[in-house]
Amino acid sequence: QVQLVESGGGLVQAGGSLRISCAASGRTFSTIVMGWFRQAPGKEREFVATISRRGGSTYYADSVKGRFTISRDNAENTVYLQMNSLKPEDTAVYYCAADPGNYDPDRLEYAYWGQGTQVTVSS
């Protein structure tokens, strides 16, 4: 079992930046692939970014490419999502996800999910 706890969400103005974090426990962190997803009101959950076990590979949704950066600190059992140049359409609940499988940029199914953290971007 892997437990995931997100933090760092909040309210930010358009054009601003925010970094959200996800702390993992229950399994050796370096053995799990991590991802970020988001869900806006009335919309389906969508993929945002993923990172391989040691952080050497990352992949982003086109909508956030060039603005968001996913990273991980395996010594701190934490994955981060740095969000820059935020837009109102980035408003959503952001979910951290983990999976013990191989890194796959096309992966949409993850074994473990956090409870989410709200990010609101005002115009």
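That block above? That's the structure.
Residues numbered from 1 in each chain as written. Predicted model: local features only at pLDDT ≥ 70, side-chain atom pairs only at ≥ 80, totals over all residues. Heavy atoms only, no water.

**Some remarks on the pairing of strand 9 (residues 92-99)**
Burial of strand 9 is extensive: 7 of the 8 residues sit out of reach of the surface. As paired strands, strand 4 (residues 33-39) and strand 9 are joined by 7 bridges and run antiparallel to one another. Looking at the pairing, G35 lines up with A97 of strand 9. Here strand 9 pairs with strand 11 (residues 117-122) via 3 bridges, running antiparallel. (Buried < 20%, exposed > 50% of the residue type's maximum accessible area, 1.4 Å probe, protein only. Helix = DSSP H or I, 4+ residues; strand = E, 2+ residues; numbered from the N terminus. Pairing = 2+ DSSP bridges.)

**Topic: the side chain of S52**
Inspection of the secondary structure assignment puts S52 in the loop between strand 5 (46-51) and strand 6 (58-60). A distance of 3.2 Å separates the side chain of S52 from the backbone nitrogen of G56, its partner in a polar contact. The contacts of S52, once residues within four sequence positions are left out, are S57, R72 and Y103. (Polar contact = N/O pair within 3.5 Å; in protein donor to acceptor, adjacent residues only side chain to side chain. Contact = heavy atoms within 4.5 Å.)

**Points about the sheet that holds strand 7 (residues 68-73)**
Strands sit in the order 1-3-8-7 across an open sheet of 4 strands; the sheet is antiparallel. On the outer flanks of this sheet lie strand 1 (3-7) and strand 7, each paired with one strand and no other. Between one strand and the next, the sheet's axes are offset by a mean angle of 15°, whatever the strand orientation. Of the pairings in the sheet, the one linking strand 3 (residues 18-25) to strand 8 (residues 78-83) comprises 6 bridges and is antiparallel in character. Each bridged residue has a counterpart across the sheet, and for S21 the counterpart in strand 8 is Y80. (Axes fitted to C-alpha atoms, helices over the stretch in contact; angles between N-to-C directions.)

**Overview of the state of the cysteines**
The bond known as a disulfide is covalent and runs between the sulfur atoms of two cysteines. The full count for this structure, using the stated rule, is 1 disulfide. Sulfur-sulfur distance for the disulfide between C22 and C96 comes to 2.1 Å. Classification of the bridge connecting C22 and C96 rests on its S-S torsion, roughly -75°, and on that basis the disulfide is left-handed. On the criterion of sequence distance, the pair formed by C22 in strand 3 and C96 in strand 9 is long-range, its members being 74 residues apart. The residues C22 and C96 share a single accessibility class, namely buried. (Disulfide = S-S within 2.5 Å.)

**A word on the nonpolar core**
Counting 36 residues, the largest nonpolar core has L4, M34, W36, V79, L81, M83 and Y94 as its most contacted members. Among the elements of the structure, strand 3, strand 4, strand 5, strand 7, strand 8, strand 9 and strand 11 are those that each provide at least two residues to this core. Considering each element in turn, this core owes the most residues, 5 residues, to strand 9. Setting aside its immediate chain neighbours within four residues, Y94 contacts E6, I20, W36, F37, R38, V48, F68, L81, M83, G116, T117 and V119. (Core = buried A, V, L, I, M, F, W, Y, C linked by side-chain atoms within 4.5 Å.)

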